[in-house]
Amino acid sequence: MKKYIATMLFMAISIVQAQEEATKWTSGRPDGHAPISVMGDHTHSKGEWMFSYRYMYMNMEDLNRGSSDAPYSDALSQYMITPKSMPMNMHMLGIMYAPSNKITLMAMANYTAQEMTLGNIMGGEFNTESSGFGDLKLAALYTFFNKNSQQLHAQVGVSLPTGSIDKKDITPMSAPNETILPYPMQIGSGTFDTNLGLTYLKQWERLSFGSQIKGVFRFGENDNEYRLGNEYSINNWVAIPVNQWFSFSGRIKWASLGKIEGENPDLNPMMVVTADTANSGKTYAEAGIGFNLYAFKGSLKNLRFGFEAALPIYQNMNGIQLKNQETLTFGLQYSL
């Protein structure tokens, strides 16, 4: 009799546990991860690892003054040189590991290559380039709850100043010598930065939703006597799983970037638009559409491919700056 009661009790506990697992938010569906452009959107179960690679192409072209288009002649009425375009390519490698069901650790490194086309007051054009490894980001994600197909988790991290703030190139004014490049062409921040975030996830049978609030807080000054502005963003997305291996997504992001504090004494703010810290900081919104492919079985099980294309829907600059244009992101994620 005791053995029978123990068996029934074990079965009852197993059923309850299975029901609880069935009502948890899960990454085991194509929309179980956010659009590929969103970082720190999900957590992992105890002992699980994930490796990821992302490639992002972002283009900036033409000028805005405030929230209005500005011709190059507007900039050249104040400065000797104005930027015209700036494509950027970024490769990102990430790793995640969960020492417990509550905590997931994350690290991300990146390599950036960018080019800026500039025009001068005489009508000439020239290019500058910079590339290198950026700042290393480390973070811990803590899960507050995961039930009723909902999850809430926080992110606490730090960005280490491993990216260069001393990138140089040859310009028509400096030839044959190199000269320090303005702020947008530098690879890192030069400061230890704190990254905080909060992410809410909700799944239904035919739909999922995510919302993420993030902030980057910078302290002190770097070795070149300036500090990049703080960053704040709100990301919201919805995804529709078409079947077990494919989902569509739509995303809207609002972000605010603060002005640069201080200035690099080696830059002449009267020479070029991008060397004047008055032309830094902005508020913008963007919309993106994308898809996720998810291998739910077979030899490639738990491998994901994501793609997203995003365009700005609102931009308001401090001073005069290049406008954001298209951003393309795709990547692979593999869990084991």
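Counting of residues starts from 1 at the beginning of each chain's written sequence and follows it residue by residue. Only residues with pLDDT of 70 or above have their local features reported here, since the model is predicted, and side-chain atom pairs are shown and tallied only from 80 upward, although totals for entire chains, interfaces and linings are computed over all residues. To get the side-chain values, take all heavy atoms of the structure and skip hydrogens and water.

Topic: the overall build of the protein
- Runs of H or I in DSSP of at least four residues are treated as helices and runs of E of at least two as strands, each being numbered from the N terminus. The secondary structure content of the protein amounts to two helices and 18 strands.
- In terms of its C-alpha atoms, the protein occupies a principal-axis envelope of roughly 95 × 35 × 35 Å.
- Any residue under 20% of the maximum accessible area for its type is buried, any over 50% is exposed, and the rest in between are partly exposed; the area is computed with a 1.4 Å probe on protein chains only. Taking all 336 residues of the protein together, the buried fraction comes to 45%.
- What makes two residues a contact is simply this: any of their non-hydrogen atoms within 4.5 Å. Long-range pairs, those at least 24 residues apart, make up 68% of the contacts in the protein with a sequence separation of at least 6.

With respect to the packing of aromatic side chains
- To pair, rings of Phe, Tyr and Trp, with the six-membered ring standing in for Trp, must have centres within 6.5 Å; the planes then decide the type, stacked if under 30 degrees apart, edge-to-face if over 60, and tilted in the middle. This model, assessed by the stated rule, comprises 14 aromatic pairs.
- With a centroid separation of 6.1 Å and an interplanar angle of 5°, the aromatic rings of Trp49 and Phe51 are classed as stacked.
- Relative accessible area serves as the criterion here: at 37%, Phe51 is assigned to the partly exposed category.
- Here the aromatic cluster, defined as three or more aromatic residues joined through ring pairs, consists of Tyr55, Trp245, Phe246, Phe248, Phe291, Phe305, Phe307 and Phe330.
- For a lysine, the NZ atom is tested; for an arginine, the CZ atom; a charge sits over a ring if that atom is within 6 Å of the ring centre and within 35 degrees of the ring normal. In this structure, Lys84 is placed above the aromatic ring of Tyr72, and the distance from its NZ or CZ to the ring centre is 5.1 Å.

Description of the pairing of strand β3 (residues 81-97)
- Pairing analysis gives 13 bridges linking strand β1 (residues 49-65) to β3, with the strands arranged antiparallel. Pairing of Met56 across the sheet is with Met90, part of β3.
- When β3 meets strand β4 (residues 103-120), the two strands line up antiparallel, connected through 14 bridges. Counted as the bridge partner of Gly94 is Met108 from β4.
- Paired strands, as defined in this entry, are two strands with at least two bridges between them according to DSSP. Linking β3 to β4, which pair antiparallel, is a turn of five residues.

A word on the environment of Glu286
- Here Glu286 lies in strand β16 (residues 282-294).
- Look at Glu286 and you get buried, because its relative accessible area is 13%.
- Residues Glu286 and Ala255, spaced 31 residues apart in sequence, show a C-alpha to C-alpha distance of 8.7 Å.
- With near-sequence residues (within four places) excluded, Glu286 lies in contact with Arg251, Ile252, Lys253, Ala310, Leu311, Pro312 and Ile313.

Quick word on the side chain of Thr112
- Tracing the backbone shows Thr112 in strand β4.
- Within the structure, the side chain of Thr112 is placed 3.3 Å from the side chain of Asn110, a separation counted as a polar contact.
- Once you skip the residues sitting within four places of it in the chain, Thr112 turns out to touch Met88, Asn89, Met90, Ser130, Ser131, Gly132 and Ile187. Counted as a polar contact is a pair of N or O atoms within 3.5 Å, where, for protein atoms, one must be capable of donating a hydrogen and the other of accepting one, and residues adjacent in sequence contribute only when both atoms are in side chains.

Things to note about unusual backbone geometry
- Of the consecutive residues Ala175 and Pro176, the connecting peptide bond is found in the cis state with omega at 5°.
- Its place among the elements puts Pro176 in the loop between β8 (168-170) and β9 (178-180).
- You will see that Glu225, though not glycine, has its phi angle at about 70°, which is positive.
- Its location among the elements puts Glu225 in the loop between β11 (208-218) and β12 (226-227).

Section: the side chain of Asn264
- Along the polypeptide, Asn264 turns up in the loop between β15 (261-262) and β16.
- Here the side chain of Asn264 touches Asp266 through a polar contact of 2.9 Å, landing on its backbone nitrogen.
- Apart from the residues within four sequence positions on either side, Asn264 is in contact with Ile180, Tyr183, Asn224 and Tyr226.

Re the environment of Gly319
- Its place among the elements puts Gly319 in the loop between β17 (303-317) and β18 (320-335).
- In this structure, the C-alpha to C-alpha distance between Gly319 and Ala75, residues 244 residues apart in sequence, is 9.8 Å.
- What Gly319 contacts, discounting residues up to four positions off in sequence, is Asn64, Arg65, Gly66, Ala278 and Asn279.

As for the nonpolar core
- To form a nonpolar core, buried Ala, Val, Leu, Ile, Met, Phe, Trp, Tyr and Cys residues must be joined to one another through side-chain atoms within 4.5 Å. Counting 30 residues, the largest nonpolar core has Leu63, Met86, Met92, Met116, Leu118, Ile320 and Leu322 as its most contacted members.
- Elements that contribute at least two residues to this core include exactly β1, β3, β4 and β18.
- For this core, the element with the highest residue contribution is β3, accounting for five residues.
- If sequence neighbours within four positions are ignored, Met92 has contacts with Met39, Ser52, Tyr53, Arg54, Met56, Met108, Ala109 and Asn110.

Regarding the layout of surface pockets
- We place a 1 Å grid over just the protein atoms. Points where a 1.4 Å probe fits but has no way out form a cavity, open points with protein on both sides within 12 Å along at least 5 of 7 lines form a pocket, and any residue with an atom within 4 Å of a point lines it. Grid points are joined across faces, edges and corners, and a volume is the space filled by probe spheres set on the points. Here the second largest pocket is characterised by a volume of approximately 290 Å³.
- Every residue lining the second largest pocket is counted, 19 residues in all, and those nearest its centre are Met173, Thr179, Ile180, Met271 and Val272.
- Broken down by secondary-structure element, the contributors of at least two residues to the lining of the second largest pocket are β4, β5 (125-133) and β9.
- Of the residues that constitute the lining of the second largest pocket, the class distribution is 13 nonpolar, five polar and one charged. Throughout this entry, Asp, Glu, Lys and Arg are counted as charged residues, while Ala, Val, Leu, Ile, Met, Phe, Trp, Tyr, Cys and Pro are counted as nonpolar. The remaining residues, Gly among them, count as polar.

Digging into the pairing of strand β13 (residues 231-241)
- Here β11 runs beside β13; their pairing, made up of nine bridges, is antiparallel. From the neighbouring strand, Phe209 faces β13, where its bridge partner is Val238.
- Between β13 and strand β14 (residues 246-257), which pair antiparallel and follow one another directly, the connecting turn spans four residues.

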